[in-house]
Amino acid sequence: MVAEALVVAGLSLAQSGVYAIVRLLDLLSRAPLSEAQANLNTSTNERPWFDLTYQLLGIGFALVPVALVLLLLSRDRVLSGGASIPPVLRRLGVAGGRAAWRDVGRGSLLFLVIGVGTLGIYAAGRGLGLTAQINTDNLADHWWTVPVLVLAAVKNGLLEEVLLMGYFRIRLHALGWSPWTVIVALAILRGSYHLYQGVGPFIGNVAMGLIFGWCALRWEGTPVSRRSAQSARGSARVLVSGSVTRRGADSGVDSCTSRVTGPGSAVMPFVWAHIIIDVVGFLAPGILHLVDPLA
């Protein structure tokens, strides 16, 4: 399981983190960080149809790690002792009806909290010279520009949150890590692949990871006391995740509603929050320029 998690990390977010560190060192060796620029959503070809093709290919291939972790989590059902593990989407808390709207509502609230905090940290980082100028509007004006930016936001939300708040929470908990050790480690990983934007975005994304982790503990029904966490980890090593039987709390299920509980079982509010944050940032780049004291 350790090797599996390391390979997934190396193919996705940890790889981005390494490149971001190198990029930060490159920027710092050239000029003050306040003079640097971090350009997102850049054109790759001067011919619109080829540019669109490259954009869609980039989005599609970036989601391959999401498909990989869904496959790996689905495979747990065929392993010894995994017969009672729910289907992978239910295991991650993907639901319809009222539960889906609840997730959208929670994501919207997180967007308000994280969005305001992000603007404050960005403004402070720019003022202190710790953050590069972030430009999110680097695609030429085409009929497909807005749809591609929305798809890019969806890609970011799925890639980061399914892996961080779903797959890695499940795997690290099953390895015996305590709830807050998992939260802090994943928050640092989240911050690492934003280092190409400067120290400010690293701090902001670590804070975002801590807030998301705190919310996850409450929405997943994850035990936070030492004794209950040890009991739940014992079940996790056998099942790798929660079960949908009615055997009680340690089986990873709400015995009254049969709702899947435990680490990784409340991914969707974080996916929605991330998508909304990026959609606003990509489609309204003037917000960042408005709060930039150096603009």
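What counts, and where the lines are drawn
- Residues numbered from 1 in each chain as written.
- Predicted model: local features only at pLDDT ≥ 70, side-chain atom pairs only at ≥ 80, totals over all residues.
- Heavy atoms only, no water.
- Helix = DSSP H or I, 4+ residues; strand = E, 2+ residues; numbered from the N terminus.
- Buried < 20%, exposed > 50% of the residue type's maximum accessible area, 1.4 Å probe, protein only.
- Contact = heavy atoms within 4.5 Å.
- Expected span 1.5 Å × (residues − 1).
- Arc of directions from axis to C-beta.
- Salt bridge = Lys/Arg side-chain N within 4 Å of Asp/Glu carboxyl O.
- pLDDT = per-residue confidence, 0-100.
- Core = buried A, V, L, I, M, F, W, Y, C linked by side-chain atoms within 4.5 Å.
- Phe/Tyr/Trp six-rings, centres within 6.5 Å; stacked < 30°, edge-to-face > 60°.
- Axes fitted to C-alpha atoms, helices over the stretch in contact; angles between N-to-C directions.
- Parallel < 35°, antiparallel > 145°, perpendicular 65-115°, else oblique.
- Left-handed = near helix turned anticlockwise from the far one by under 90°.

## Re the overall build of the protein
Thought 1: What the protein contains, in helices and strands, is 12 helices and 2 strands.
Thought 2: Each helix and strand of the protein, ordered N terminal to C terminal, gives the series α-α-β-α-α-α-α-β-α-α-α-α-α-α.
Thought 3: The burial tally for the protein puts 47% of its 295 residues in the buried class.
Thought 4: Pairs at least 24 apart in sequence give 77% of the contacts found in the protein among residues at least 6 apart.

## What about helix α4 (residues 64–75)?
Thought 1: When the terminal C-alpha atoms of α4 are compared, their 17 Å separation across 12 residues agrees well with the 16 Å that a helix rising 1.5 Å per residue should span.
Thought 2: Three or more residues of α4 are buried, namely Pro 65, Val 66, Val 69, Leu 72 and Leu 73. Down the axis of α4, the buried set is contained in an arc of 125 degrees. They therefore lie on one face.
Thought 3: On its buried face, α4 is in contact with α1 (2–11), α3 (48–62), α5 (88–91) and α7 (145–174).

## Thoughts on the pattern of salt bridges
Thought 1: Scanning all chains against the criterion turns up 10 salt bridges.
Thought 2: For Glu 220, the salt bridge goes to Arg 169, with nearest N and O atoms at 2.7 Å. With Glu 220 in helix α9 (residues 199–220) and Arg 169 in helix α7, this pair connects stretches of sequence that are 51 residues apart. Residues Glu 220 and Arg 169 agree in their burial class; the two are buried.
Thought 3: The network of salt bridges with common partners includes Glu 4, Arg 75, Asp 76, Arg 91 and Arg 171.

## Describing the confidence of the model for the protein
Thought 1: Overall, the predicted model of the protein reaches an average pLDDT of 89, with 87% of residues at or above 70.
Thought 2: Long-range and interchain partners of residues 235–251, a stretch whose pLDDT sits below 50, account for 49 contacts in this model, where long-range means more than four residues apart.

## Some thoughts on the nonpolar core
Thought 1: In this structure, Leu 163, Tyr 167 and Phe 168 are the most contacted members of the largest nonpolar core, which totals 26 residues.
Thought 2: Of all the secondary-structure elements, those providing two or more residues to this core are α1, α4, α7, α8 (179–192) and α11 (268–283).
Thought 3: The element contributing the most residues to this core is α7, with 8 residues.
Thought 4: Residues Leu 33, Ile 59, Leu 149 and Phe 282 belong to the second largest nonpolar core, which totals 21 residues.

## Here's the deal with the packing of aromatic side chains
Thought 1: Applying the stated rule across the entire model yields 4 aromatic pairs.
Thought 2: Ring geometry for Phe 212 versus Phe 270: centroids 4.9 Å apart, planes at 45 degrees, classification tilted. Of this pair, Phe 212 sits in helix α9 while Phe 270 sits in helix α11, and the two are 58 residues apart along the sequence. The residues Phe 212 and Phe 270 share a single accessibility class, namely buried.

## Side note on unusual backbone geometry
Thought 1: Not every positive phi belongs to a glycine, and Asn 41 is a case in point at roughly 55 degrees.
Thought 2: Looking at the element boundaries, Asn 41 is found in the loop between β1 (37–39) and α3.
Thought 3: According to the relative accessible area criterion, Asn 41 is buried, its value standing at 17%.

## A closer look at the packing of α9 against α11
Thought 1: Two elements in contact, α9 and α11, have axes whose closest approach is 11 Å; the angle formed by their N-to-C orientations is 150 degrees. As summarised for this structure, α9 and α11 are arranged roughly antiparallel, according to the angle between their axes. The two elements α9 and α11 meet at a crossing, and its hand is right-handed. Every residue of α11 that contacts α9 at Met 208, Phe 212, Cys 215, Ala 216 and Trp 219 is listed here: Pro 269, Phe 270, Ala 273, His 274 and Ile 277.

## Quick notes on helix α2 (residues 13–30)
Thought 1: In this model α2 runs 26 Å from its N-terminal to its C-terminal C-alpha over 18 residues, within 8% of the 26 Å that 1.5 Å per residue would give.
Thought 2: Turning to α2, its buried residues are Leu 13, Gly 17, Ala 20, Leu 24 and Leu 27. Seen along its axis, α2 keeps its buried residues to an arc of 85 degrees; they face one direction. In α2, the exposed residues that point more than 90 degrees away from the buried face are Val 18, Tyr 19, Val 22, Leu 25, Ser 29 and Arg 30.
Thought 3: In this structure, the buried residues of α2 make contact with α1, α7 and α8.

## Things to note about the side chain of Arg 190
Thought 1: Tracing the sequence through the fold places Arg 190 in helix α8.
Thought 2: Contacts of Arg 190, omitting those with residues within four sequence positions, involve Glu 160, Glu 161, Leu 164, Met 165, Asn 205, Met 208, Gly 209, Phe 212 and His 274.

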